[in-house]
Amino acid sequence: MDTSSLTASPLAATDYPLLNIFWTMLELFVWILWFFLLFKIITDIFRSHDLSGWGKAGWLVLVILLPLIGVLVYLIARGQSMGRRDIEQARQNDAAFKAYIRDAAASDAAGGGAGHVDDLAKLADLKEKGAISEEEYQKAKDKILT
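Heads up: these notes are all about the structure in this document. In this text, all values refer to a predicted model and were calculated from it rather than measured experimentally. (Residues numbered from 1 in each chain as written. Predicted model: local features only at pLDDT ≥ 70, side-chain atom pairs only at ≥ 80, totals over all residues. Heavy atoms only, no water.)

1. Focus: the overall build of the chain
Moving on, step 1. Scanning the chain for helices and strands turns up 7 helices and 0 strands.
Moving on, step 2. Helices (α) and strands (β) of the chain occur, in sequence order from the N terminus, as α-α-α-α-α-α-α.
Moving on, step 3. The buried share of the chain, taken over its 146 residues, is 16%.
Moving on, step 4. When the accessible area of the chain is evaluated, it comes to approximately 11,500 Å², of which 68% is carbon and sulfur surface. (Helix = DSSP H or I, 4+ residues; strand = E, 2+ residues; numbered from the N terminus. Buried < 20%, exposed > 50% of the residue type's maximum accessible area, 1.4 Å probe, protein only. Areas by Shrake-Rupley, 256 points an atom, 1.4 Å probe, with all protein chains shown as cover.)

Set out below in C-alpha cells:
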C-alpha cells in the first residue's frame, strides 16, 4: 500500500490554527452585528415622523449605496433621536398592553359576573367537597373554557 498519498494531504484540523478559528468567529460576529445595525437604522428611517418622504428616501439611498459611510453619518446625525424614538415606542407598546388588559378585565366583569376564574374556583371547591365527581368536574371545566 502506498502511504505517500496519505501523508501528503494533512487533515483540515491541523491546517487551520486555533488563532485563525478565533479570528473567523470574530469576523462572523462583527458581520452579524453590522447587519443588525443596518436593519435597525432602516427600521428607524421608516419609523421617524420628523422626516419627509424625500428625507427618508435620501437616507435610505445613502445607507444602501454607501453602507459604511451612510450608517456612520446616520448614527452621528440622528443617533440621539433614534434612542428617543425607541423609548417612545416602548412606552406606546406598554400603554397599549395596559389598555388591553383593562378592557379585557372590564368586559369580563360586565359580561355577567366574576368571570371564568371564579367559575373555575367554584367548580374546584365543589370537587374538593365531593359534591361532584372528577368526570363532572372535567365536563363543566371544558364547558366554561370553551
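2. Some points on helix 3 (residues 18–47)
Moving on, step 1. Between its first and last C-alpha, helix 3 extends 43 Å over 30 residues, near the 44 Å set by a 1.5 Å rise per residue.
Moving on, step 2. Every buried residue of helix 3 is listed here: L38, I41, I42, D44, I45 and R47. (Expected span 1.5 Å × (residues − 1).)

3. Some details on the pattern of salt bridges
Moving on, step 1. A full pass over the atoms with the stated rule returns 10 salt bridges.
Moving on, step 2. R47 is paired through a salt bridge with D86; the nearest N and O atoms lie 2.7 Å apart. A residue pair is termed long-range when its members are at least 10 positions apart, and R47 in helix 3 and D86 in helix 5 (residues 67–110) qualify at 39 residues.
Moving on, step 3. Through salt bridges that share partners, K40, D44, R47, D50, R78, R85 and D86 make up one connected network. (Salt bridge = Lys/Arg side-chain N within 4 Å of Asp/Glu carboxyl O.)

4. So, the layout of surface pockets
Moving on, step 1. Considering only enclosed or pocket space, the largest pocket measures out at about 150 Å³ in volume.
Moving on, step 2. Taken together, R47, S48, H49, D50, R85, E88, Q89 and Q92 make up the full set of residues lining the largest pocket.
Moving on, step 3. Looking at the lining of the largest pocket element by element, the count peaks at 4 residues for helix 5.
Moving on, step 4. When grouped by side-chain class, the residues that make up the lining of the largest pocket number no nonpolar, 4 polar and 4 charged. (1 Å grid on protein atoms, 1.4 Å probe; cavity = no way out; pocket = protein on both sides within 12 Å on 5 of 7 lines; lining within 4 Å. Points joined across faces, edges and corners; volume = space filled by probe spheres on them. Nonpolar A, V, L, I, M, F, W, Y, C, P; charged D, E, K, R; others polar.)

5. Points about a nonpolar patch on the surface
Moving on, step 1. Side chains of V61, I64, L65, L66, L68, I69, L72 and V73 sit close together on the surface and give an oily, nonpolar patch of about 770 Å² of accessible area.
Moving on, step 2. Looking at the nonpolar patch, the elements that each hand over two or more residues are helix 4 (53–65) and helix 5.
Moving on, step 3. Top element by residues in the nonpolar patch is helix 5. It accounts for 4 residues.
Moving on, step 4. Locating I69 in the fold gives a position in helix 5. (Patch = residues over 30% accessible without salt bridge, like charges linked within 9 Å, V, L, I, M, F, W, Y side chains within 5 Å.)

6. Describing the nonpolar core
Moving on, step 1. Formed by L38, I41, I42, I45, L51, W59, L60, V63, V71, Y74 and M82, the largest nonpolar core amounts to 11 residues.
Moving on, step 2. When contributions to this core are tallied by element, the ones reaching two or more residues are helix 3, helix 4 and helix 5.
Moving on, step 3. No other element matches helix 3, which puts 4 residues into this core.
Moving on, step 4. Residue contacts for I45: discarding those within four places in its chain leaves L51, K56, W59, L60, V63 and Y74. (Core = buried A, V, L, I, M, F, W, Y, C linked by side-chain atoms within 4.5 Å. Contact = heavy atoms within 4.5 Å.)

7. Here we look at the packing of aromatic side chains
Moving on, step 1. Per the stated rule, a full pass over the model turns up 3 aromatic pairs.
Moving on, step 2. K127 extends its terminal NZ or CZ atom over the ring of Y137, reaching a point 4.5 Å from the ring centre. (Phe/Tyr/Trp six-rings, centres within 6.5 Å; stacked < 30°, edge-to-face > 60°. Lys NZ or Arg CZ within 6 Å of the ring centre and 35° of its normal.)

8. A few points about the packing of helix 3 against helix 4
Moving on, step 1. Running from N to C, helix 3 and helix 4 cross one another at 170 degrees; their axes reach a closest spacing of 9 Å. Of the possible angle classes, the one that applies to helix 3 and helix 4 is roughly antiparallel. Only K56, W59, L60 and V63 of helix 4 make contact with helix 3, whose side of the interface consists of L38, I41, I42, I45 and F46.
Moving on, step 2. For the contact of helix 3 with helix 4, a count of residues per class yields 8 nonpolar, no polar and 1 charged. (Axes fitted to C-alpha atoms, helices over the stretch in contact; angles between N-to-C directions. Parallel < 35°, antiparallel > 145°, perpendicular 65-115°, else oblique.)

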